[in-house]
Amino acid sequence: MTSLKRKLAISAGAIAVTLLLAAVPLLASAASPTPVAPNLQVPIPGLDLAAEMQKTGGDAISTYIAGIYRFLLAIIGVVAGVAIMVGGFTYLTAGGDKSKVDEGKKRIYNALAGMVLAFSSYLLLYVINPDLVNFKSFKIISITPEVYTAEQSVSEDVDAANGNVIPDHYACHTVDDCRTLCAKSKSDWPTATSDMVTPKDVILVTPSQGLENPKGVSVTPPTAAALQQAGTIAVGKDPNYSLKLYSGYRPLDKQIQLVCDKIAAGDAASGDQQTKLLGQVGVSVAWPGGSNHGVGIAVDIQLLKSGTALTSMSYNDQTDPKWKDGSKALDDIMTQAGFRRYAKEQWHYEFGGTSGCRCTSPNCPFPPSCG
Ligand SMILES: [Zn+2]
């Protein structure tokens, strides 16, 4: 390959790469806030980033790359100039030596050809679209923080929402059905639905280092052991950390009672308030039997530091930014101990493994354990 052919090939490649990069869709241009010019540790000669960004309306990264591109073009110009001078000197001092004359000519010719190629590629791109040499495609997309949102439901109900209702898991699954059940005598309520564990399958969680159980919460033995491990992990991260249990195994009659209380409150109200309360059945209170609290693997838990709460226990304020760090810390601790957080509740964790997990849809909040 001759040097000219090589240069042509390189230039064609450079143009192709530039075009390709420029072809990347202009992402999120509408939502981007006013870009701020960073303070360059290694400034590019001749580039005032802030002024250039304002002029082209580009992002810092695209303006920076465009600056490097132009700087390299300038270097090519300088190098070509030097090469022409060297070639000219060789030519002038050849003194009739044919090979030296040829060498000097060749040097000048190559330098000019290289310069023409480099600048014409810039010109060509600029003529096609000035944005191609501004690298506007390199947009920095601003990220919106994702917070755990408040919507009470349990895995099974997510399943139900996807049309995968497993009726034998539920003691009742509509407001009318539940109202009928509530009207019955408690002794006629079912004691368990399919897959639920019974009170003899769970044990009281013994408080241990970093783990408090003031409400006398019970869970299955493996879940209890994992909770104690979580307490140890918490104290290992910070000696002032402690985990406080609020709820664990919930027998079916308790789940039914929660739904009945909500329906009773709704029936006693009127108008919008009634619609609101009845609309919460199966949403802010799980359909009885649908909650993994009935399987003894689910716990509602809070992280504290020297007795001060670091995580929320309420739907109304769990998205408050003040809980962000605590929520992350709790999630780290519980995940390490083998639990998974229910994505919509900052405090609700379920002990991993497939046993006891009754979620079957692909949209289950705990996909890895419910596959
Ligand atoms: Zn819960």
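All of these numbers come straight from a predicted model, not from anything done at the bench. (Residues numbered from 1 in each chain as written. Predicted model: local features only at pLDDT ≥ 70, side-chain atom pairs only at ≥ 80, totals over all residues.)

1. A closer look at the overall build of the protein
Thought 1: Counting its secondary structure elements, the protein contains 10 helices and eight strands.
Thought 2: Out of the 371 residues belonging to the protein, those deemed buried represent 33%.
Thought 3: Sequence separation of 24 or more characterises 67% of the internal contacts of the protein that already satisfy a separation of 6 or more. (Helix = DSSP H or I, 4+ residues; strand = E, 2+ residues; numbered from the N terminus. Buried ≥ 20, exposed ≤ 12 C-beta atoms within 10 Å, placed from the backbone. Contact = placed C-beta atoms within 7 Å.)

2. Concerning the confidence of the model for the protein
Thought 1: With 76% of its residues at a pLDDT of 70 or more, the protein has an overall mean of 79.
Thought 2: For the stretch residues 145–164, pLDDT sits under 50, and the model shows 57 contacts to residues farther than four places along the chain or on other chains. (pLDDT = per-residue confidence, 0-100.)

3. Examining the pairing of strand β5 (residues 298–305)
The side chains of a regular strand alternate between the sheet's two faces.
Thought 1: Note: strand β4 (residues 241–247) against β5, six bridges, orientation antiparallel. Residue pairing for β5: Ser 247 is matched across the bridge by Asp 300.
Thought 2: Bridging between β5 and strand β8 (residues 348–351) involves three bridges; their strand directions are antiparallel. The residue of β8 that forms the bridge with Asp 300 is His 348. (Pairing = 2+ DSSP bridges.)

4. Digging into unusual backbone geometry
Comment: phi is negative for the bulk of residues other than glycine, and the bulk of peptide bonds are trans.
Thought 1: Although it is not a glycine, Ser 306 sits at a positive phi angle of roughly 50°.
Thought 2: Examined against the element boundaries, Ser 306 turns out to sit in the loop between β5 and β6 (308–309).
Thought 3: You can call Ser 306 exposed: it has 10 C-beta atoms within 10 Å.

5. Some thoughts on the packing of helix α3 (residues 60–92) against helix α4 (residues 98–128)
Thought 1: In contact at an axis separation of 8 Å, α3 and α4 are set at 165° when each is read in the N-to-C sense. For the element pair α3 / α4, the angle class is roughly antiparallel. Between α3 and α4 lies a crossing of left-handed hand.
Thought 2: Taken together, the residues of the contact of α3 with α4 break down into 15 nonpolar, six polar and four charged. (Axes fitted to C-alpha atoms, helices over the stretch in contact; angles between N-to-C directions. Parallel < 35°, antiparallel > 145°, perpendicular 65-115°, else oblique. Left-handed = near helix turned anticlockwise from the far one by under 90°. Nonpolar A, V, L, I, M, F, W, Y, C, P; charged D, E, K, R; others polar.)

6. A closer look at the environment of Leu 123
Thought 1: Checked against the element boundaries, Leu 123 lands in helix α4.
Thought 2: Note on Leu 123: 12 C-beta atoms within 10 Å, which makes it exposed.
Thought 3: In the structure, Leu 123 is positioned 10 residues away from Val 133 in sequence and 9.1 Å away in space, judged by C-alpha atoms.

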